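Single-letter residue listing:
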Amino acid sequence: MDRKHLDLFMSVAYFVIGFSPITALAMAIFGILPLPVATLLIVLPATLLGIGLALLFPAYGKLALKGLLIGLVAVFLYDCMRVPFIITGMWGDFIPKINMWLFNTSQPNWVVGYIWRYVGDGGYMGMAFTVAYCTLKPRVDARIAGVGFGIAIWLCLLGTLILAPHGQEMLIKLTLTTLSLSLLGHLIYGITFGMLLPYVQQEKIAGTEPETASIDRSQHVLEALAGEEVTVKLPPLLRMRPIWEHKTARLSVLPQMRG
């Protein structure tokens, strides 16, 4: 598999892996599969696949890890905007309820819920976006792509709230306030990627360009030696000496001609 096809494969693979937790949660909200079953059938195999690919291809694994970390930062900045509205009662918080759906219990749990939110949702989706953007290298500025990514996730949330039979009961009641605040939060999430992705790309380029350039130069030299005669220029002092004093290269032994 050449580099282009490998980049495409890794982009698709990590995109599927990155969206596995949010897909499992959406399936539970739509009533397709209970969250424990969806976690075992979708999230766990996807996570093991991501770890395996990272071990087989460390460069992509490091890129995925950086995307995961950016996703954690992005969710944190999102929550810095969200939490004050939760405290004032303007925005309900369904995150602790994830524990109820995951373990079939009647008790919400903040720790379990926010681990899912930060690692599963924000971090995994950040991994998917980072690997796809840095390997496919689209002609779209990272800031524009990041904002578009955030809006796309918000539209998926909006669709879930509208289309799922009990979406608003399980998540948030759709009002003008929650609609505006959720959009703002997802814009913050996407803008964070737009601001941090260029640093990831610069580090990747700085680490790979010299080696690639060296390989390219070597290939050009080999092509020149194979296809063209190489003329060696003597230093000026050496050219001034009599020609019989110049050292010459040994000629290869030619087979004797038969009479």
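Residues numbered from 1 in each chain as written. Predicted model: local features only at pLDDT ≥ 70, side-chain atom pairs only at ≥ 80, totals over all residues. Heavy atoms only, no water.

S.K.: What's the story with the packing of aromatic side chains in this structure? I'm lost.
M.R.: The description of an aromatic ring pair rests on the distance of the ring centres and on the angle between the ring planes. In this structure the tally under the stated criterion is 11 aromatic pairs. When the ring of tryptophan 110 is compared with that of tyrosine 114, the centres are 5.7 Å apart and the planes differ by 5 degrees; the resulting orientation is stacked. Of this pair, tryptophan 110 and tyrosine 114 are both found in helix α6 (residues 110-136), 4 residues apart, which corresponds to roughly one turn of the helix. Of the residues examined, tyrosine 114 reaches a relative accessible area of 15% and is grouped as buried. Pairing phenylalanine 129 with phenylalanine 193 gives two aromatic rings, centres 5.6 Å apart and planes at 80 degrees, and the pair type is edge-to-face. Highlighted residues: phenylalanine 129 in helix α6 and phenylalanine 193 in helix α9 (residues 176-227), separated in sequence by 64 residues. Owing to a relative accessible area of 0%, phenylalanine 193 belongs among the buried residues under this scheme. Linked through ring pairs, Phe15, Phe19, Phe129, Tyr133, Phe149, Tyr189 and Phe193 together constitute an aromatic cluster. It is arginine 117 that lies over the ring of tyrosine 78; its NZ or CZ is 4.8 Å from the centre. (Phe/Tyr/Trp six-rings, centres within 6.5 Å; stacked < 30°, edge-to-face > 60°. Helix = DSSP H or I, 4+ residues; strand = E, 2+ residues; numbered from the N terminus. Buried < 20%, exposed > 50% of the residue type's maximum accessible area, 1.4 Å probe, protein only. Lys NZ or Arg CZ within 6 Å of the ring centre and 35° of its normal.)

S.K.: Can you help me understand helix α1 (residues 3-18) in this one?
M.R.: In an α-helix, one turn spans 3.6 residues, which is why side chains three or four residues apart end up on the same side. Relative to the 22 Å expected for 16 residues at 1.5 Å per residue, α1 spans 22 Å between its end C-alpha atoms, a close match to the ideal helical length. Considered for burial, the residues of α1 that qualify are Leu6, Asp7, Met10, Ser11, Ala13, Tyr14, Ile17 and Gly18. Considering only its buried residues, α1 is in contact with α2 (20-30), α3 (35-56), α4 (58-87) and α6. (Expected span 1.5 Å × (residues − 1). Contact = heavy atoms within 4.5 Å.)

S.K.: Please clarify how a nonpolar patch on the surface should be interpreted in this entry.
M.R.: A cluster of nonpolar side chains, namely Val37, Leu40, Leu41, Leu44, Leu48, Ile51 and Leu55, defines an oily patch on the protein surface of about 700 Å² accessible area. Tracing the sequence through the fold places leucine 44 in helix α3. Residue leucine 44 is classed as partly exposed on the basis of its relative accessible area of 43%. (Patch = residues over 30% accessible without salt bridge, like charges linked within 9 Å, V, L, I, M, F, W, Y side chains within 5 Å. Areas by Shrake-Rupley, 256 points an atom, 1.4 Å probe, with all protein chains shown as cover. Salt bridge = Lys/Arg side-chain N within 4 Å of Asp/Glu carboxyl O.)

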